[in-house]
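What follows is the residue order along each chain.
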Amino acid sequence: MDPTVVTTAALQSQLPEWTALGPVIVLGLTGLLLLTIDAIWPKRNANTTYAIVSAAGAIIALGITVWYLVAGTGQETHGGAITLFSEAIVVDGMALFFTAIFTSVAALVIVASHDYLKGHENSAEFYSLLMFATTGMALMAVSNSLVTVFVSLEMASLPSYALVGFLKKDRGSVEASLKYFLIGALSSAVFLFGISLIYAVTGSLLLTEISAQFADGGVAGFAGVAGIGVLMIAGGFAYKTASVPFHFWAPEAYEGAPAPVSAFLSSASKAAGFVVAFRVFAEAFMPLLEVTPAIDWALAFAVLAVLTMVVGNFAAATQENVKRMLAYSSIGHAGYALIGLAALTAGGPHNGDVMGAAMAHLLIYGFMNTGAFLFIAMVEYWGVGRTFEDYAGLSQKAPLACVAMAVFMFSLAGLPVFGGFFSKYALFASAVSAGFWWLAAVGAVTSALSLYYYSRVVKAIWIEEPNGNLDVIESKPTGLYAAIIFAAVATVLLLPGFPIALETAEAAASALFA
Amino acid sequence: MVAAFDFVPAIVLLPFVSFLIALFAGKYMPKGGALAGIAATAGSLLLSIWVAISLLGVSGERIHQETIYTWATGIGDQPWELTFGVLIDPLSALMLIIVTLIATLVHVFSLGYMNDEGETGLPRYYAGLGLFTASMLGFVVADNLLMAFMFFELVGLCSFLLIGFWFRRDGPPSAAKKAFLVTRFGDYFFLIGVVAVFATFGTAQFAGPESFPVLAEQAVAGDTSVVNTTFGLEPTQWFTIVGLLVLGGVVGKSAQFPLHTWLPDAMQGPTPVSALIHAATMVAAGVYLVARMYGFYAVSPTALAIIAFIGGFTALFAATMGVVKREIKQVLAYSTISQYGYMMLALGAGSYVAATFHLMTHAFFKALLFLGAGAVIIAMHHNENMWDMGGLKDKMPVTYATFLAGSLALAGIFPFSGFWSKDEILYEAFIYGLNDPLLLGGWVMGLLAVPITAFYTFRMVFLTFHGEPRSETARNPHGFGWNVKGPLSVLGVLAVVAGFINMVPVQKLTGIELDFLTQYLDSGGEGLTYSGYNALLAEYGGYEAGVVGTEVTTLLIAAGLSLGLAVTGLLVAFKLYNVPEPVEHTAKLGQVKDVLYNNYYQDEFQVWIAHRTQSVAAVADKFDQGVIDGVVNGVSSVSLFGGRRMRKLQTGLVTNYAALLTLGLTALLLAFGLLGGWFV
């Protein structure tokens, strides 16, 4: 271990180094605790207990993460990144930033699921699967070796398959789960093959050593092998982030899954795909851009970004089903975040800005997209229906939630009054200053298109008259309501708070390029 | 110690507060918010006087500049700052006093003109007055061109609201729209000018070592690294263009030819508003702006010559139209245009002090004349036709005496205030004109306007106050109270004595030091002084005073000519109209009368231009409907069509997905492999 990084943060410098993994450990233990409770006291209706335990676990993990972020653990200001387990794990600003996203989304989803799962059997399974998936994601954020990357990615994916198929008696849910799993298996194979090719070329799986090998020109003569490996690894990440052409599972899985699970997958799982992609490409493959022009992976991401933005937004524009529309919109947003990789250049002065802006966008997206899917969850809970027509006049029954939904929609579209505007603006502006004005142009045009389908939702719930569809609404689910309102408040508060978020993200991203 | 300068923002904010009070609480207050307005403007007046006096102090600052709020900063290579700030120097301090004094008196007068006459909508009226005053004060203290522009626009907006105060009648709304649109046309150029100043200098500050007039001087002196000129022009040429762009706003607001047509129509507003517009706020804003950035104009003599020529031409042109008008306010309106022409002539002739001096004396006597006319209009039950008046001097002695003082000042009769300032303008234009034909042309036109001014002024006085009453209302005029007489008296005294603060001719003849205003304006901070401007003019403009014989003879010739001509005009008016039963003499003018009545068909010409624009607009409309909308509609149908295609990709069959995924990856691998030469 590098002795220089032993002196760590100010606040928890007394703590042993392994505590840097605290959030991951808390999340994993919470999952196990849930299983234990279920095994010892197998009560049928312990939904509330499980929800409280898992929410507490997520919030504690979030608290530790934020504390570390503020205290400077693993960040430039306090001795740099902390590496553990022979550098297979690294805790730095970016890992903590994304762990904060995962745990926030998980907490929101858990609170919302409490109502959604009322009367379901085996709710302990649901919560523990959710906690294990979150653990996997938190591990993805700290992975520093291709092995840990692959293991943690699978660790996040496997519970997700089960979560999507959680409604065992719902045909759509089961079918979606199977499709998700099959595409996932195919993508994992591609990803693993890519890893093996990289290992063949460099002889190492540690990101830092791969990077050193590439920087030395160690791939001379094997550019083809390395190139195929890099692109295949990119494909694995494209699957996890639901980017074209690995996106086919997403609309089906998001639509078929229980809506809180869709919220979780489209926000947290996507962000997890991005954090690991950011780290692998910025740390291990960055030298390729300088040394081996033949392997221009940034251009490959640019192609993927454009395709993803176009396909996601265009397909969203013609949907009749609100949940499916959101699924496609979430693909479109993956395209925006891909700009964070596509606009990188060898030794570019704006690399930190671009990636930081993409990270900040994923943070705000985490809140607004989760909130939007949770609104869908509430509508599903009421059993109102799924199409735009079914949503007509909802504001008369649930005005507060509809205000929140309007906030989410306009923020996703990037209207200036909400957090989504600043994050898109920062992203496009940094892409322009990095010289990729055309990426920003495609982003701006597709954002303009997205306003069309987002405003359709707002029009339906606020302007159109109800057509007798709302009589089924009886109760007001407190947990769902609270989660939606909280997400909306966060979306609005991230407008004034955006500079802080962006600064943190840019500092974390710049550390990768240092 | 509390410094006066700490209170400069309060000068602007007090009338703004009175605006808010009148707007939101005016209904519940006695006099519809008038008292709040009077208190606020009087407070601003006291603060302004304090500020002006503290500039005179022995040890105090001569100039005070302070940035109050930076509301935007540039990023990267563009270190621009857009700020609100205040700049107090002798010029702005003097202007503050003028504006607040006139505004206070107008508020008081409004008690008599509006409240006592039982007008409705008083809160709206006083809110408008408050905002108008606040905007003008904000404009006066502005320390940069952009802030000045913003308040300039607010002034324009307020004039629109006040001219159209009686919006239920036919005339006022249309006059308000005209004032708004015509001045907006000029402001459009001003806006481009502001942008040009930013693009050229990277700053729009009026004062300080990094201000744009200073940078302009450095550029003209040879250091072109400090500016970015456009189109590969020489700095002087480019500065002339920028100066003329800004001048567009000035010509619109100060009602100079050819954008003067809004001003006579603006008489549709309440008379106290006319007084405020003409004497202290809107119209004065244009001239003040040129004076404010005089250091910039001083290095572009071409722009100055154009200013001088426009000024001289407007002075003469407007005066001829005033000769035939029947309504008392119309005569005053044309006299305003003409008098601001003189100020522009002075600025163009390089005499910043003479322009400011005339701005001040004119503010007093023109406010006096308008308020006097307002009193006459109250007395005449809102009949403004002078041919229905006559013989009012015995019935309303205070109004007569003060109105006469104002008229003598306007006509430029010794020793009333207008004489001193107008004489100084003509003298300066004359001595510099001896070396510059364009300036000399301006001087000749200004001189020719002198007798015409005296003629129409006294035609107005004689028709209104002298002779026999020509109508029933003139025989039994309506009375009015102290709130009308008070402001008239104050202004009457000022119209007589205000000229004594700068008796340059007497100083030159006797050697006694009497040029207090010149010294005051020369005491400002570096780069903002009269002598500083003169040095610039001499160096870059080639301004050089000429003499006829000796300096004293030149002075006597100039003063004698203008005074002689003024007296001549007065005597002609006396002969024609100071009779018991005056008759119209306009028929003697023949064809010319119609031309003058119709204001040289200026309005008709502008309407004709407007119709031509309409056909251009029709083409633009067609383009918008056909091409732009067509493209927009096309884009949306293409998007939806494309969206349906995208949707078809999602077949629901997982085998298709796996195939597409694999094919996609293969395509990517092949493309990049071939591109990167991986397969060789």
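Since the structure is predicted, the reported quantities are computational estimates derived from the model, not experimental observations. (Residues numbered from 1 in each chain as written. Chains lettered and ligands numbered in written order. Predicted model: local features only at pLDDT ≥ 70, side-chain atom pairs only at ≥ 80, totals over all residues. Heavy atoms only, no water.)

J.: Give a detailed account of the overall build of chain A, specifying residues and quantitative values.
T.: What chain A contains, in helices and strands, is 19 helices and 2 strands. Of all 514 residues assigned to chain A, the portion counted as buried reaches 65%. Expressed as a percentage of contacts within chain A between residues at least 6 apart in sequence, the contacts between residues at least 24 apart total 81%. Element-wise, carbon and sulfur atoms account for 69% of the exposed surface of chain A, whose accessible area totals about 16800 Å². (Helix = DSSP H or I, 4+ residues; strand = E, 2+ residues; numbered from the N terminus. Buried < 20%, exposed > 50% of the residue type's maximum accessible area, 1.4 Å probe, protein only. Contact = heavy atoms within 4.5 Å. Areas by Shrake-Rupley, 256 points an atom, 1.4 Å probe, with all protein chains shown as cover.)

J.: For the overall build of chain B, give the residues involved together with the corresponding values.
T.: A tally of helices and strands in chain B yields 27 helices and 2 strands. Across the 680 residues that make up chain B, the buried fraction comes to 56%. Contacts in chain B between residues at least 24 apart in sequence constitute 77% of all its contacts with a sequence separation of at least 6. Of the roughly 26100 Å² of accessible surface on chain B, 68% is carried by carbon and sulfur atoms.

J.: Go over a nonpolar patch on the surface, please, and point to the residues and values.
T.: On the surface, L299(A), V303(A), L307(A), V432(A), W437(A), W438(A) and L675(B) cluster together into a nonpolar patch covering about 660 Å² of accessible area. Listed by contribution, the elements that provide at least two residues to the nonpolar patch are helix 12 (297-317) and helix 17 (437-463) of chain A. With 3 residues, the single largest contributor to the nonpolar patch is helix 12 of chain A. (Patch = residues over 30% accessible without salt bridge, like charges linked within 9 Å, V, L, I, M, F, W, Y side chains within 5 Å. Salt bridge = Lys/Arg side-chain N within 4 Å of Asp/Glu carboxyl O.)

J.: I'd like a description of the nonpolar core, backed by residues and values.
T.: In this structure, I102(B), L145(B) and W262(B) are the most contacted members of the largest nonpolar core, which totals 224 residues. Of the residues forming this core, the biggest block, 21 residues, is contributed by helix 15 (residues 352-379) of chain B. Here this core gathers at least three residues from each of two domains, domain 1 (1-143) and domain 2 (169-591) of chain B. Grouped together as the second largest cluster of nonpolar side chains are 212 residues, A106(A), W249(A), A343(A) and V354(A) included. (Core = buried A, V, L, I, M, F, W, Y, C linked by side-chain atoms within 4.5 Å. Domains from an automatic or database assignment.)

J.: So, helix 3 (residues 90-115) of chain B: which residues are in play, and what are the values?
T.: All names here are of chain B. Taking 1.5 Å per residue as the helical rise, helix 3 with its 26 residues ought to reach 38 Å, and the 36 Å between its terminal C-alpha atoms agrees with that figure. The sharpest bend along helix 3 measures roughly 35° and falls at F109. In terms of burial, helix 3 is a largely internal element, 25 of the 26 residues being buried. (Expected span 1.5 Å × (residues − 1). Bend = angle between axes of the 7 residues up to and from the residue.)

J.: So what's going on with the packing of aromatic side chains? Residues and values would help.
T.: With the rule as written, the count across this model stands at 63 aromatic pairs over all chains. Here F149(B) and F190(B) contribute two aromatic rings whose centre-to-centre distance is 5.0 Å and whose plane-to-plane angle is 80°, an arrangement assigned as edge-to-face. Separated by 41 residues along the polypeptide, F149(B) in helix 5 (residues 145-163) and F190(B) in helix 6 (residues 171-201) bring together distant segments of the chain. With a centroid separation of 5.2 Å and 55° between ring planes, the pair formed by Y400(B) and F465(B) is classed as tilted. Note that Y400(B) is positioned in helix 16 (residues 397-411) and F465(B) in helix 18 (residues 437-465), a separation of 65 residues in sequence. Exposure remark for F465(B): the relative accessible area of 0% places this residue in the buried category. Cluster of aromatic residues (ring-pair linked, three or more members): F150(A), F191(A), F214(A), F237(A), F281(A), F285(A), W297(A) and F301(A). Lying across the ring of W166(B), R169(B) places its NZ or CZ 4.2 Å from the centre. The side chain of K253(B) reaches across the aromatic face of F152(B), ending 4.4 Å from its centre. (Phe/Tyr/Trp six-rings, centres within 6.5 Å; stacked < 30°, edge-to-face > 60°. Lys NZ or Arg CZ within 6 Å of the ring centre and 35° of its normal.)

J.: Tell me about helix 5 of chain B, residues and numbers included.
T.: Each full turn of the α-helix corresponds to 3.6 residues, which orients residues three or four apart in the same direction. An ideal rise of 1.5 Å per residue puts 27 Å on 19 residues; helix 5 of chain B measures up with 26 Å between its terminal C-alpha atoms. Capping of helix 5 of chain B at its N-terminal end is provided by N144(B); its side-chain oxygen lies 3.1 Å from the backbone amide nitrogen of L146(B). (Polar contact = N/O pair within 3.5 Å; in protein donor to acceptor, adjacent residues only side chain to side chain.)

J.: Before we move on, could you go through the pattern of salt bridges and cite the residues and values that matter?
T.: Overall, the coordinates contain 17 salt bridges over all chains when judged by the stated rule. With its nearest N and O atoms 2.9 Å apart, the salt bridge here joins R279(A) to D92(A). Taken as a pair, R279(A) in helix 10 (residues 259-284) and D92(A) in the loop between strand 2 (89-91) and helix 3 (93-116) lie far apart in primary sequence, 187 residues in all. What makes D92(A) buried here is its relative accessible area of 7%. A salt bridge links E153(B) to R184(B); the shortest N-O distance between them is 3.2 Å. Note that E153(B) is positioned in helix 5 and R184(B) in helix 6, a separation of 31 residues in sequence. Here the salt bridges do not stand alone but share partners, grouping E175(A), K179(A), E252(A), E255(A), K323(A), R324(A), E380(A) and R386(A) into one network.

J.: Got a sec to walk through the packing of helix 4 (residues 122-141) of chain B against helix 11 (residues 282-292) of chain B? Specific residues and values, please.
T.: The axes of two packed helices give the description: the angle between them and the distance between them. Residue and element names in this part refer to chain B. Packing of helix 4 against helix 11 leaves a shortest axis separation of 11 Å and a crossing angle of 5°. With respect to their mutual orientation, helix 4 and helix 11 come out roughly parallel. Taken together, the residues of helix 11 that come into contact with helix 4 (itself represented by F132, M136, F139 and V140) are M282, A284, A285, Y288 and L289. Each residue belonging to the contact of helix 4 with helix 11 can be placed in one class, and the counts come to 9 nonpolar, no polar and no charged. (Axes fitted to C-alpha atoms, helices over the stretch in contact; angles between N-to-C directions. Parallel < 35°, antiparallel > 145°, perpendicular 65-115°, else oblique. Nonpolar A, V, L, I, M, F, W, Y, C, P; charged D, E, K, R; others polar.)

J.: Can you lay out the pairing of strand 2 (residues 81-88) of chain B for me, pointing to particular residues and giving the numbers?
T.: If a strand is regular, its side chains alternate between the two faces of the sheet. Residues and elements named next belong to chain B. Strand 2 sits mainly inside the fold: 6 of its 8 residues count as buried. Of the strand pairs in this sheet, strand 1 (residues 64-73) and strand 2 are connected by 8 bridges, and their pairing is antiparallel. Its bridge partner lying in strand 2, Q65 is registered against L87. (Pairing = 2+ DSSP bridges.)

J.: Run through the interface of chain B and chain A, naming residues and quoting values.
T.: Taken together, the contact between chain B and chain A spans 25 residues of the former and 37 residues of the latter. In total, about 2600 Å² of surface goes out of reach between chain B and chain A, with carbon and sulfur atoms giving 80% of it. Sorting the residues of chain B by area buried against chain A places Q650(B), L661(B) and W678(B) first, and these three jointly supply 26% of that buried surface. Taken together, chain B and chain A are joined by 0 salt bridges. Our count for the contact surface shared by chain B and chain A stands at 1 residue pair in polar contact (both at pLDDT 80 or more). (Buried area = accessible area lost by both parts, 1.4 Å probe.)

J.: Now, about the side chain of S430(A): what can you tell me, with residues and values included?
T.: All names here are of chain A. Here S430 shows up in helix 16 (residues 419-433). Residue classification places S430 among the buried positions, given a relative accessible area of 6%. Other than its neighbours up to four places away in sequence, S430 contacts D353, V354 and A357.

J.: How would you sum up the packing of helix 16 of chain B against helix 18 of chain B? Please name residues and give values.
T.: All names here are of chain B. Packing of helix 16 against helix 18 brings their axes to within 9 Å, and their N-to-C directions diverge by 170°. Accordingly, the angle class assigned to the pair helix 16 and helix 18 is roughly antiparallel. In this structure, the crossing between helix 16 and helix 18 has a hand that is left-handed. Side by side, helix 16 and helix 18 meet where T399, Y400, F403, L404, S407, L408, L410 and A411 of the first sit next to T453, A454, T457, F458, M460, V461 and F465 of the second. (Left-handed = near helix turned anticlockwise from the far one by under 90°.)

J.: Account for the confidence of the model for chain A, naming residues and giving values.
T.: Residue and element names in this part refer to chain A. Confidence along chain A averages 86 in pLDDT terms, with 96% of residues attaining 70 or more. Per-residue pLDDT, averaged within each element of chain A, yields its smallest value for helix 11 (residues 286-291) (83) and its largest for helix 5 (residues 146-164) (92). Confidence drops under a pLDDT of 50 for residues 1-12, and excluding neighbours within four residues, the segment shows 23 contacts in the predicted structure. (pLDDT = per-residue confidence, 0-100.)

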